[in-house]
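Residues per chain are reported as follows:
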Amino acid sequence: MHVRHVLQHFNALLLTTTALVDYDNRPRLTLEETDPTAALSALDSLLDKLSTYESSTSSDLSTPISIKVTVDTSANDLILNSSFARELWFVCPPTPKPLLLF
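Before we move on, can you summarise the overall build of the protein chain with the specific residues and values?
Per the secondary structure count, the protein chain includes five helices and three strands. Tracing the protein chain from N to C terminus, the helices and strands come up as α-β-α-α-β-β-α-α. With 102 residues in all, the protein chain has 31% of them scored as buried. Of the contacts made within the protein chain by residues no fewer than 6 positions apart, 58% connect residues no fewer than 24 positions apart. Here the protein chain has roughly 6800 Å² of accessible surface; of this, 58% comes from carbon and sulfur atoms.

Could you give an account of the packing of helix α1 (residues 3-14) against helix α2 (residues 36-51), with specific residues and numbers?
Two elements in contact, α1 and α2, have axes whose closest approach is 11 Å; the angle formed by their N-to-C orientations is 35°. Read as a crossing pair, α1 and α2 show a hand that is left-handed. For the pair formed by α1 and α2, the contact residues are Val 3, Leu 7, Phe 10, Asn 11 and Leu 14 on the first element and Ala 39, Ala 42, Leu 43, Leu 46, Lys 49 and Leu 50 on the second. Looking at the contact of α1 with α2 residue by residue, the classes come out as nine nonpolar, one polar and one charged.

Quick one: what's the story with the pattern of salt bridges, residue by residue and with numbers?
Within this structure, the stated rule accounts for four salt bridges. Note that Arg 4 is salt-bridged to Glu 33, the shortest N-O span being 3.4 Å. Of this pair, Arg 4 sits in helix α1 while Glu 33 sits in the loop between β1 (20-21) and α2, and the two are 29 residues apart along the sequence. Since its relative accessible area comes to 17%, Arg 4 is described here as buried. Residues Lys 68 and Asp 22 are paired through a salt bridge, measuring 3.7 Å at the closest nitrogen-oxygen approach. With a gap of 46 residues between them, Lys 68 in strand β2 (residues 64-69) and Asp 22 in the loop between β1 and α2 connect regions that are remote in the sequence. Each member of the salt-bridge network shares a partner with another, and the members are Asp 22, Lys 68 and Asp 77.

Calculation notes
Residues numbered from 1 in each chain as written. Predicted model: local features only at pLDDT ≥ 70, side-chain atom pairs only at ≥ 80, totals over all residues. Heavy atoms only, no water. Helix = DSSP H or I, 4+ residues; strand = E, 2+ residues; numbered from the N terminus. Buried < 20%, exposed > 50% of the residue type's maximum accessible area, 1.4 Å probe, protein only. Contact = heavy atoms within 4.5 Å. Areas by Shrake-Rupley, 256 points an atom, 1.4 Å probe, with all protein chains shown as cover. Axes fitted to C-alpha atoms, helices over the stretch in contact; angles between N-to-C directions. Left-handed = near helix turned anticlockwise from the far one by under 90°. Nonpolar A, V, L, I, M, F, W, Y, C, P; charged D, E, K, R; others polar. Salt bridge = Lys/Arg side-chain N within 4 Å of Asp/Glu carboxyl O.

Here you go:
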């Protein structure tokens, strides 16, 4: 997983304006992919966003959300029920290694 993937998955979750998260619908060919300064700036911005959740209560984290999932490209997407905490956990595990490589 590249730094771009880390940024995009966290941003898909943290910047959604609805209760629907779509990890597949994310920007491609962004400046963060080729410019280390832009990538560092985006990571700093992400850390700022994440710091706002430090004082979150369990009720904040258990906020229900839906996830749009493509299982088969020839079929309709699925909408699955989840929670903010579960999705935050989903985007966290693959994160450390790419950041260490960066």
